[in-house]
Amino acid sequence: MKLVNFIGLSHSPYDAAIIDLDGTMVDTLGDFSEALNRMLQDLRLPAIAAGQIEQMVGKGSEHLLRSVLKHVLALAGQASEAINIESLYPAAWASYQRHYLAVNGQHALVYPGVEEGLHALRHAGLRLACLTNKPTSFAVPLLRAKGLDSYFAKVFGGDSFERKKPDALPLLKTCEALQSEPARTLMVGDSSNDAQAARAAGCPVVLVTYGYNHGLPVRTVDADGYVDSLAHLLA
Ligand SMILES: O=C(O)COP(=O)(O)O
Ligand SMILES: [Mg+2]
């Protein structure tokens, strides 16, 4: 793909890169599944399968919890789901937060090629930030547990700014923090959230082909390129 081949040259078109977390660097589906099912048990609600959860990840924890509650309440045949979701939400959030922090990283795996890719980007002189829709309090210990924290000058979560991806704001703020022009800042993500946010912010964007894209084929998302591994960012 055209973008990637010249990152390594001395006149790189990029000063910085913004890397998504869930589905791009770490396969966190196991953590999500464990924490959400412990939460559902606390709420005496039916369990949810990992395959369902996969389609709900990417728009932050609030969206994830509401989607999971909606799904299981429908399964349980409960009427007036909307009312039930909001009445359950505060207890669900408290339980989920407790369980997620307890399992964080234990059922999660770094995708092959991630360390190699991050190392190569740093070696090419790019400043790196991790920008995720996950709460910052989940993201920071996860990166540390997986030995990825030292690659990043900045880590921003879904609660760092007023709006989350797919809004342009978190990317623009991250570019500012990295002191990099959006046009010279490469976004690397796994979903339409990342691509839409990048397009809106004016950042070039490459998507990985192995992550979570709301259950849809990632190559149908408008992006500047697709890679099967972060290691392939530097051809
Ligand atoms: O928690 C989420 O919704 C996933 O977040 P991310 O893909 O932006 O890292
Ligand atoms: Mg992601």
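An unreviewed UniProt entry lists the chain under the name Phosphoglycolate phosphatase, from Acidovorax delafieldii 2AN.

Caption draft 1: A look at the packing of helix H8 (residues 169–178) against helix H9 (residues 192–201). The contact between H8 and H9 brings their axes to 8 Å, and the two run at 65°. As for the relative orientation of H8 and H9, their crossing is right-handed in sense. Contacts from Pro 170, Leu 171 and Leu 172 of H8 reach H9 at Ala 197, Ala 198 and Ala 201. Tallied by class, the residues present in the contact of H8 with H9 amount to six nonpolar, no polar and no charged.

Caption draft 2: Geometry of the confidence of the model for the chain. Across the chain, pLDDT averages 93, with 92% of residues at or above 70. Here residues 4–10 is modelled with pLDDT under 50, and outside its nearest four sequence neighbours on either side it reaches 17 contacts, counting other chains as well.

Caption draft 3: Broad picture of the UniProt feature "binding site: Mg(2+)" (unreviewed entry) in the chain. Feature annotation in UniProt assigns "binding site: Mg(2+)" (unreviewed entry) to the following positions: Asp 20, Asp 22 and Asp 190. Of the residues just listed, which span 171 residues, no C-alpha pair is farther apart than 8.1 Å, and they cluster in one region. Note on placement: Asp 22 falls in the loop between strand S1 (16–19) and strand S2 (26–27). A tally of 25 C-beta atoms within 10 Å means that Asp 22 is categorised as buried. Discounting chain neighbours no more than four positions away, the residues touching Asp 22 are Thr 28, Val 57, Gly 58, Thr 132, Lys 134 and Tyr 212. Examined against the element boundaries, Asp 190 turns out to sit in the loop between strand S6 (185–189) and H9. When sequence neighbours within four positions are dropped, the list of residues in contact with Asp 190 reads Asp 20, Gly 23, Thr 24, Leu 207, Val 208, Gly 211, Tyr 212, Asn 213 and Val 218.

Caption draft 4: Fine view of the site of ligand 1. Neighbouring ligand 1 are 13 residues, the closest being Leu 21, Asp 22, Thr 132, Asn 133 and Lys 134. Residue composition of the shell around ligand 1, by class: three nonpolar, six polar and four charged. Mapping the shell around ligand 1 onto the domain boundaries places at least three of its residues in each of domain 1 (2–28 + 108–233) and domain 2 (29–103).

Caption draft 5: Representation of the nonpolar core in the model. Ranked by internal contacts, the top residues of the largest apolar core, which has 63 residues, are Ala 17 and Leu 171. Here the element with the most residues in this core is helix H4 (residues 61–75); it accounts for five residues. Residue contributions to this core reach at least three from each of two domains, namely domain 1 (2–28 + 108–233) and domain 2 (29–103). If we ignore the near neighbours within four places in the chain, the residues touching Leu 171 are Ile 18, Leu 131, Pro 182, Met 187, Ala 197, Ala 198, Ala 201 and Cys 203.

Thresholds, definitions, all that
Residues numbered from 1 in each chain as written. Chains lettered and ligands numbered in written order. Predicted model: local features only at pLDDT ≥ 70, side-chain atom pairs only at ≥ 80, totals over all residues. Axes fitted to C-alpha atoms, helices over the stretch in contact; angles between N-to-C directions. Helix = DSSP H or I, 4+ residues; strand = E, 2+ residues; numbered from the N terminus. Left-handed = near helix turned anticlockwise from the far one by under 90°. Contact = placed C-beta atoms within 7 Å. Nonpolar A, V, L, I, M, F, W, Y, C, P; charged D, E, K, R; others polar. pLDDT = per-residue confidence, 0-100. UniProt positions renumbered as here; feature names shortened; annotations may be inferred. Buried ≥ 20, exposed ≤ 12 C-beta atoms within 10 Å, placed from the backbone. Near = placed C-beta within 6 Å. Domains from an automatic or database assignment. Core = buried A, V, L, I, M, F, W, Y, C linked by C-beta atoms within 7 Å.

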